[in-house]
Amino acid sequence: MFFKWLKPYLPRGLYTRALIILILPVVSLQLLVSIVFIQRHFEGVTRQMTAAVAIELRYLRDVADAAPNRATAITDVAAIASPLELAVTWPPVVPQVGDDRLWSDFTGDTVAARLREGVPQIAQVSMADRSRVTVWVATAQGPLAVDVPRRRLSASNPHQLLVIMVVLGALMTTIAYLFLRNQLRPITRMAQAATDYGKGRITPYSPGGAVEVRAAGMAFLDMRQRLERQIQQRTMMLSGVSHDLRTPLTRLRLGLSLLDDAEAEPMIRDVDEMQRLLDSFLDYARSGVGDPLETVDPVGILTTLVADYARMDRPVTLAPSTGAGANVPLHALAIRRALDNLIGNALRYGHRAQVSAHVTDRAIRYVVEDDGPGIPPDQREEATRPFSRLDPARNQDAGSGVGLGLAIVADIARSHGGALRLSDSTDMGGLKAELVLAR
Ligand SMILES: Nc1ncnc2c1ncn2[C@@H]1O[C@H](COP(=O)(O)OP(=O)(O)OP(=O)(O)O)[C@@H](O)[C@H]1O
Ligand SMILES: [Mg+2]
């Protein structure tokens, strides 16, 4: 786009953007008005007033020039100057102060130029004092210094108008901002509800604000409900099927156990296998939802899990973790199930597992590493798909899984606004599985 280069410099937040959209026209309008109108108007007025004073100065000069000697000139000029409210002095020489004026004197230039135009004999114009202007005029009787009150030369300064404009502008912007904030609040609330849902939390939200925002809010609520319904349906269907199959399976197993041992044994093994599969289905079905949010210490979940494995004599070690003691609302059961799956994989495909947890303000990261063969990068995506088992050759002696473990973990991560990342373990040489959850 044409303004692409501008993008990095623009504010990202809706509030700041809206504020700029609000302020920019107000400020540019004020600038335009003050430059075009005030400047021209005040300069015009100044020019007219200065021209009038120039006539008086010219009169004084003419009177001084006409006088026969210096003494007469002094009395004659004094007689005219006092009713004109001009203070005159007759310095022996013109002091060399130059045309000085304050930096904040915007009309000074116009005043000096106009006076010189009207009275070419002006030697010097000093505006060092805000309230008066001293003009030195060369006359036939020597230099004449005239003090003219400043208010007779330029219109009283336009500051008042500027101040009123700035104050009013600020006031209007504030009021507009307050209104705007009320309009933006429903959007931020909706964004918050959507973010929460992405992390698997259903927070109360009621659409509000302008019609368009309300419509978007309604659509979001609709979508959230539809998703919830779908997840529930999936869970119900899968658990229903698994549950219904369990009763006949149990009956079958009972029947088989009554049969001749040697013949029945492989069949019993098959039935057991089927039951295990059914349990996996149930797990998968439940992975998304079900258990309520609990406020727990994420590192604590891992420590208890490692202790459980230690009790069963399984080689799972806890590596140094960070951020223990935080209290975070999580689906604790689901996370325990996910970690259980990762550690189970590590022990099944490797010999030892090493785990750790890292909690920051923004995210929770569980790391499970093992010393097994790992998963080649091009197969990692495939490994997290439901019912996918890699490379049957290497799985042979590993007992028969269903291929749902990593899919369950990925699902749980997603429902917490996170992800499952697979990479190579530098410490152990096998697979490094990272379960990242958003806080
Ligand atoms: N730690 C690991 N090291 C090496 N390969 C792994 C590891 N974890 C998973 N895999 C590979 O990824 C595949 C998918 O794993 P997943 O956990 O989804 O299924 P599974 O372990 O085969 O069965 P289930 O976990 O459902 O009993 C596995 O079949 C295995 O080939
Ligand atoms: Mg597994």
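Residue numbering note: each chain is counted from 1, following its sequence as written. Chain labels run from A onward and ligand labels from 1 onward, assigned in the order the entries are written. Residue-level local features of this predicted model are given only where pLDDT is at least 70; pairs of side-chain atoms are given and counted only at 80 or more, and the full residue set underlies all totals for whole chains, interfaces and linings. Calculation of side-chain values draws on the structure's entire complement of heavy atoms; hydrogens and water are dropped beforehand.

Help me out: how do you make sense of the overall build of the protein chain in this one?
Under the DSSP-based scheme used, a helix requires at least four consecutive residues in state H or I and a strand at least two consecutive residues in state E, with every element numbered from the N terminus. When helices and strands are tallied, the protein chain shows eleven helices and eleven strands. Taking 439 residues into account, the globule formula puts the C-alpha radius of gyration at 22 Å, and the protein chain, at 45 Å, lies well above it. Principal-axis analysis of the C-alpha atoms places the extent of the protein chain at approximately 155 × 50 × 40 Å. The buried share among the 439 residues of the protein chain stands at 37%. Accessible surface computed for the protein chain: about 25400 Å², of which carbon and sulfur atoms make up 61%. When charges are counted, neither His nor the chain ends are considered; positive counts come from Lys and Arg and negative counts from Asp and Glu. Lys charges are placed at NZ, Arg charges at CZ, Asp charges at CG and Glu charges at CD. Positive and negative side-chain charges of the protein chain, numbering 49 and 46 respectively, have mean locations separated by a distance of 7 Å. Restricting the calculation to C-alpha atoms gives the radius of gyration, and the globule rule supplies 2.2 Å times the number of residues raised to the power 0.38. Note on classification: 1.4 Å probe, protein chains only; a residue is buried when its accessible area is under 20% of the maximum for its type, exposed when over 50%, partly exposed between these limits. The protein chains shown are the only cover counted for residues, whose accessible areas, like all others here, come from Shrake-Rupley with a 1.4 Å probe.

Would you explain the sheet that holds strand β8 (residues 353–359) in this entry?
Hydrogen bonding along the main chain pairs the strands of a sheet, whether they run parallel or antiparallel. Pairing between strands requires that DSSP locate at least two bridges from one strand to the other. Spatially, five strands are ordered β6-β8-β9-β11-β10 in an open sheet, and the strand pairing comes out mixed. Looking along the sheet, the strands with just one partner apiece sit at the ends: β6 (316–318) and β10 (419–424). Neighbour to neighbour, the strand axes of the sheet diverge by 20° on average, direction disregarded. In this structure, β10 lies alongside strand β11 (residues 431–438), joined through six bridges in antiparallel fashion. The residue bridging Ala419 from the neighbouring strand is Val436, located in β11. The criterion used for residue contact is that any of the two residues' heavy atoms lie within 4.5 Å. To obtain an axis, a line is fitted to C-alpha atoms, over the contacting stretch when the element is a helix, and the angle between two such axes runs from 0 to 180 degrees between their N-to-C directions. Seen against the sheet, helix α8 (residues 332–349) touches β6, β8, β9 (363–370), β10 and β11 and runs at an angle of roughly 20° to β9. Against the sheet, helix α11 (residues 405–415) touches β10 and β11, its axis set at about 130° to β10.

Looking at this structure, I do not really get the environment of Leu22. What am I missing?
As for its placement among the helices and strands, Leu22 is situated in helix α1 (residues 14–66). Considering only alpha carbons, one finds Leu22 and Tyr177, 155 residues apart in sequence, at a separation of 7.9 Å. Residues within four places of Leu22 in sequence aside, it is in contact with Thr173, Ala176 and Tyr177.

Is there a simple way to think about the UniProt feature "transmembrane region" (unreviewed entry) in the protein chain in this case?
Following the UniProt record, the feature "transmembrane region" (unreviewed entry) maps to residues 14–38 and 161–180 here. The span residues 14–38 shows a helical share of 100% and a strand share of 0%, and its end C-alpha atoms are spaced 35 Å apart. As annotated, residues 161–180 has a helix share of 100% and a strand share of 0%, and its two end C-alpha atoms lie 28 Å apart. UniProt positions are given in the numbering used here, feature names are shortened, and annotations may be inferred rather than shown by experiment.

I keep staring at the environment of Val88 and nothing clicks. Help me out?
With respect to the helices, strands and loops of the structure, Val88 is situated in strand β1 (residues 87–89). We classify Val88 as partly exposed; its relative accessible area is 22%. Spatially, the C-alpha atom of Val88 lies 5.6 Å from that of Ala145, the residues being 57 residues apart in sequence. Apart from residues no more than four positions distant in its own chain, Val88 is found in contact with Leu60, Val77, Ala78, Ala81, Leu144, Ala145 and Val146.

Would you mind going over the site of ligand 1 with me for this structure?
Residues are classed as near a molecule or strand on a simple rule: at least one heavy atom within 4 Å of it. Around ligand 1 lies a shell of 20 residues, among which Asn345, Asp370, Arg389, Leu404 and Leu406 are the nearest. Each polar contact in these results corresponds to two N or O atoms within 3.5 Å; when the atoms are within protein, one needs to be able to donate a hydrogen and the other to accept it, and residues that are neighboring in sequence are counted only if both atoms are side-chain atoms. Here Asn345 contributes a side-chain N or O atom positioned 2.8 Å from an oxygen atom of ligand 1. Within the side chain of Asp370, one N or O atom sits 2.7 Å away from a nitrogen atom of ligand 1. Protein chains shield 96% of the accessible area of ligand 1, which is 590 Å² for the free molecule. Listing elements by their share of the shell around ligand 1, those giving two or more residues are α8, α10 (392–395) and α11. Among the elements that make up the shell around ligand 1, the one with the highest residue count is α8 (four residues). Note that Gly is not counted as nonpolar here; it falls among the polar residues with everything else outside the nonpolar set of Ala, Val, Leu, Ile, Met, Phe, Trp, Tyr, Cys and Pro and the charged set of Asp, Glu, Lys and Arg. Of the residues contributing to the shell around ligand 1, the split by class is nine nonpolar, seven polar and four charged.

Quick question: what am I supposed to make of unusual backbone geometry here?
Residues apart from glycine generally show negative phi values, whereas peptide bonds are mostly found in trans. The phi dihedral of Glu85 is positive, around 60°, even though this residue is not glycine. Structurally, Glu85 can be placed in the loop between α2 (70–81) and β1.

I keep staring at the sheet that holds strand β3 (residues 132–139) and nothing clicks. Help me out?
An order of β1-β4-β3-β2 is seen for the four strands of this open sheet, with the pairing classed as antiparallel. Of all the strands in the sheet, just β1 and β2 (122–126) have a single pairing partner and so form its edges. With direction set aside, neighbouring strand axes in the sheet form an average angle of 20°. Bridge analysis of β3 against strand β4 (residues 142–149) gives eight bridges, and the strand direction is antiparallel. Its bridge partner lying in β4, Val137 is registered against Leu144. Of the strands in this sheet, β1, β2, β3 and β4 touch α1, which is tilted by about 35° from β3. Docked against the sheet, helix α3 (residues 108–118) engages β2 and β3, running at close to 160° with respect to β2.

Is there a simple way to explain the pattern of salt bridges in this structure?
Where charged atoms of side chains with opposite charge meet at close range, the side chains can pair. Here, a salt bridge means any side-chain nitrogen of Lys or Arg that lies within 4 Å of a carboxyl oxygen of Asp or Glu. A full pass over the atoms with the stated rule returns 18 salt bridges. The closest approach of N and O atoms between Asp411 and Arg414, which form a salt bridge, is 3.3 Å. Of this pair, Asp411 and Arg414 both sit in helix α11, three residues apart, which is roughly one turn of that helix. Looking at Asp411, the relative accessible area reads 14%, which means it is buried.

Explanation requested: α1 in the structure shown.
Between its terminal C-alpha atoms α1 stretches 76 Å, which fits the 78 Å expected from 53 residues at 1.5 Å a residue. The principal kink in α1, of about 30°, is found at Ser34. Residue count minus one, scaled by 1.5 Å, sets the expected span of a helix. Take the seven residues that end at a residue and the seven that start at it, fit an axis to each, and the angle between those axes is the bend at that residue.

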